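Reading the structure
Chain by chain, the residues:
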Amino acid sequence: MLKVLLVDDEHFILQGLQVLINWENEGFVIAGTASDGNEALEFLRKNSVDLILADVNMPVISGLELLRKIRKENLSDAYFVILSGYAEFSYAQEAIRYKCTDYILKPVEREQLLETLHKVSGLAANKEEENKTSQKMERAYLARNFIAVICGKYDDINIEFIEKHMRFDGSIRYIEIELAVDMLDEEFSDEEKRSCQRKLADMCIEYLADNADHCIFDVSGKEKIYDIGFVYCDFMAEESLKTEKEYLESFLMYLREEAQIPVIMLAGKKVDNIRSIAKSYSTACILRSCQGFKNRKDIYYYDEEVQVQGNGAVLCKNEIDALLLAVEHNEPVEIMKAVDSFFGEIQKMGGMYPGGGIKNLNINYLLFQLVHLATRQDDNVNQEEILRIISEQSFKEGITRGSKAHMLRFAREYAEYLAQLRKNVSRGVLAEVEREVKSRFSENLTLKGLSEKYYVNSAYLGQLFRKQYGCSFKDYLNQTRLDEAARLLVHTDKKIYQVAEETGYHNLDYFVNRFISAKGCTPAKYRRKARS
């Protein structure tokens, strides 16, 4: 509803204007009335309105003088309509100088008032749309500057801009708010995950309210990582009368309950000021890479998961080197011996450091050495993502994260992956997989099943597939099924449920929803349009 202020020294005119039309039906509500210009000015100093209708001829302060004072003192940017019993050009000319919206002659007729209100409604709608567009552009520009600072590629112009528009009090920490993809249903497509990410961003903005600019969509920019960046400052918890952990826990709980999707937080280490936020961001990225070896948590803190607590740091260098060599040469027996030796040494040292810090340090060092090993084979593949996927796959089937059994399975799978990189297996496998999809699309094909059939690591095959076709295997399979469904709809008289069954969809509602999403209409309408 647009709020209106009526100003006239004649009481019966004020009453008449209020009952002349149904204001609410037209999208307006009368916020107040004033019997002279001074009274109107006092009202505007305490209240905001969208439209002012004022008589031009009033004692003490005329309607034109009221308009001049409002504009010069910046009391209101409301639309202003002059009511006058004189059809004099000089009045209208003066009113236009001070951005008067319209000029209505008395006595005010119903149709004329409605016409003016419709004009104001249109102007207000355009203004609101322009404001939204302007805010969207400003937010995008702010996010661009913010991402530059977060990633450490900034100059003083970037810093000055964000410091001008945002508040940074106390210590700062980068938090990656991430969609927990491994907890989603396997049927989720890339598009659905992206939709969840946008929903998550909207929930973050809603929760942070005045601090919404501290939240940035898709900072990592990496495929298969659906993240929202959040720069936490100490003042946020303090103003909420909470500790930092309480604040983040309540934030996470809100996101999970409102968005109804699995979410985790990766909290980088604290830094003193915004110029150092890149250091915090890099530590959050480390958490992302190695969380597959950590016990499942709602919030991972870099300080707890990675840093060694105690004086000094000790690496099991000989044991790690032996394990790296066994993995590189893909020798299963040697891998088993090296893992046993590695965990044996960790157990000896474990008592020296509280909280298992020595184990974390050594596993993190091992993981990054493995990334470098793979990079030497093929630097076009996202190695950190491969490492994360393999480690997460390895702890399933009842194996505890970070345990000896987990490390053994991971090391063996990673060794096989490296062997495939050296053979450059992508040359023939993708063609075989494509033939499988085209001939067996109606069956329950999975990337895991095909990777086992062709002796290729499933994580590696998934990335090769995305690189070749620009989408995930699941989306490629769905597109093939829907294209075949479209062909059957046009060239056969089979029932909709039969088409769904023959193309691998055993749930009719799911098939219809998928078809609408891909083709823009229902299967029945698609058939009618094609045949007409």
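You'll find the structure just up there.
Let us look at the structure shown here. Everything numeric here is computed off the predicted structure, so don't read it as measured data. (Residues numbered from 1 in each chain as written. Predicted model: local features only at pLDDT ≥ 70, side-chain atom pairs only at ≥ 80, totals over all residues. Heavy atoms only, no water.)

**Considerations on the overall build of the chain**
What the chain contains, in helices and strands, is 23 helices and 10 strands. Relative to its 532 residues, the chain shows a buried fraction of 48%. A separation of at least 24 residues holds for 68% of the contacts in the chain among residues at least 6 apart in sequence. Of the accessible surface of the chain, which amounts to about 26800 Å², a share of 49% is contributed by carbon and sulfur atoms. (Helix = DSSP H or I, 4+ residues; strand = E, 2+ residues; numbered from the N terminus. Buried < 20%, exposed > 50% of the residue type's maximum accessible area, 1.4 Å probe, protein only. Contact = heavy atoms within 4.5 Å. Areas by Shrake-Rupley, 256 points an atom, 1.4 Å probe, with all protein chains shown as cover.)

**Considering the packing of aromatic side chains**
Using the criterion set out here, one finds 18 aromatic pairs in the structure. Aromatic pair tyrosine 207 and phenylalanine 251: ring centres 4.5 Å apart, planes at 5 degrees, arrangement stacked. Of this pair, tyrosine 207 sits in helix α7 (residues 190-208) while phenylalanine 251 sits in helix α9 (residues 244-259), and the two are 44 residues apart along the sequence. Residue tyrosine 207 is classed as partly exposed on the basis of its relative accessible area of 24%. Residues tyrosine 232 and tyrosine 247 carry aromatic rings whose centres are separated by 5.9 Å and whose planes lie at 45 degrees to one another, so their mutual orientation is tilted. Remark: tyrosine 247 occurs in helix α9 and tyrosine 232 occurs in strand β8 (residues 227-233); sequence separation between them is 15 residues. Taking the relative accessible area as the measure of exposure, tyrosine 232 reaches 1% and is therefore buried. By relative accessible area, which is 5% here, tyrosine 247 ends up buried. An aromatic cluster is present here, built from Tyr207, Phe230, Tyr232, Tyr247, Phe251 and Tyr254 joined pairwise through their rings. When the ring centre of tyrosine 79 is taken as reference, the NZ or CZ atom of lysine 127 above it lies at 5.6 Å. Directly above the aromatic system of tyrosine 301 lies the positively charged group of lysine 245, at a separation of 5.0 Å from the ring centroid. (Phe/Tyr/Trp six-rings, centres within 6.5 Å; stacked < 30°, edge-to-face > 60°. Lys NZ or Arg CZ within 6 Å of the ring centre and 35° of its normal.)

**Quick notes on the sheet that holds strand β2 (residues 28-34)**
The parallel open sheet is built from 5 strands, whose spatial order is β2-β1-β3-β4-β5. The sheet is open, and its two borders are formed by β2 and β5 (102-105), each paired with just one other strand. Neighbouring strand axes in the sheet, compared pairwise and without regard to direction, differ in orientation by 20 degrees on average. Strands β1 (2-7), β2 and β3 (51-55) of the sheet are contacted by helix α2 (residues 37-46), whose axis makes an angle of about 130 degrees with β2. Packed on one face of the sheet, helix α5 (residues 110-150) meets β1, β2, β3, β4 (79-84) and β5 and runs near 170 degrees to β5. (Pairing = 2+ DSSP bridges. Axes fitted to C-alpha atoms, helices over the stretch in contact; angles between N-to-C directions.)

**Overview of the sheet that holds β8**
Strands in a sheet are paired, the pairing made by backbone hydrogen bonds, and the direction either parallel or antiparallel. Pairing is mixed across the open sheet formed by 5 strands, whose spatial order is β7-β8-β6-β9-β10. One side of each edge strand has no neighbouring strand; the edge strands of this open sheet are β7 (215-217) and β10 (299-301). Direction aside, the axes of adjacent strands within the sheet are offset by 20 degrees on average. Where β7 and β8 come together, 3 bridges link them in antiparallel fashion. Counted as the bridge partner of phenylalanine 217 is isoleucine 228 from β8. Running over the sheet, α5 touches β6 (172-179), β7 and β8 and is turned about 95 degrees from β7. Lying over the sheet, helix α10 (residues 277-290) contacts β6, β8, β9 (263-271) and β10, oriented at roughly 140 degrees with respect to β9.

**Concerning the nonpolar core**
Counting residues in hydrophobic clusters, the biggest one holds 51 residues, and the most contacted among them are Ile177, Phe230 and Ile274. In terms of residue count, α9 provides more of this core than any other element does, 7 residues in total. One finds Ala326, Val327, Leu370 and Phe473 within the second-largest nonpolar core, a separate group that totals 46 residues. (Core = buried A, V, L, I, M, F, W, Y, C linked by side-chain atoms within 4.5 Å.)

**As for the pairing of β4**
Most of β4 is tucked away, with 6 of its 6 residues classed as buried. On β4, burial covers both faces: Tyr79, Val81 and Leu83 on one face and Phe80, Ile82 and Ser84 on the other are all buried. As paired strands, β3 and β4 are joined by 5 bridges and run parallel to one another. Following the sheet pairing, leucine 51 is matched in β4 by tyrosine 79. For the handedness criterion, the β-α-β arrangement of β3, helix α3 (residues 63-72) and β4 is classed as right-handed. As judged from the 4 bridges shared by β4 and β5, these two strands associate in the parallel manner. Among the inter-strand pairings, serine 84 is bridged to a residue of β5, identified as leucine 105. (Right-handed = clockwise from strand over helix to strand, strands pointing away.)

**Details of helix α1 (residues 11-20)**
Those residues of α1 that sit buried are Ile13, Leu14 and Leu17. Buried residues of α1 fall within an arc of 105 degrees about the axis and therefore sit on the same side. When the buried face of α1 is taken as reference, the exposed residues oriented beyond 90 degrees from it are His11, Phe12 and Val19. Where α1 is buried, its residues meet β1, β2 and β4. (Arc of directions from axis to C-beta.)

**What to know about the environment of glutamine 260**
Locating glutamine 260 in the fold gives a position in the loop between α9 and β9. Under the relative-accessibility criterion, glutamine 260 is labelled exposed at 63%. When the C-alpha positions of glutamine 260 and lysine 199 are compared, they lie 9.8 Å apart, and in sequence the two are 61 residues distant. Among the polar contacts listed, one links the side chain of glutamine 260 to the backbone oxygen of glutamate 257, at a separation of 2.7 Å. (Polar contact = N/O pair within 3.5 Å; in protein donor to acceptor, adjacent residues only side chain to side chain.)

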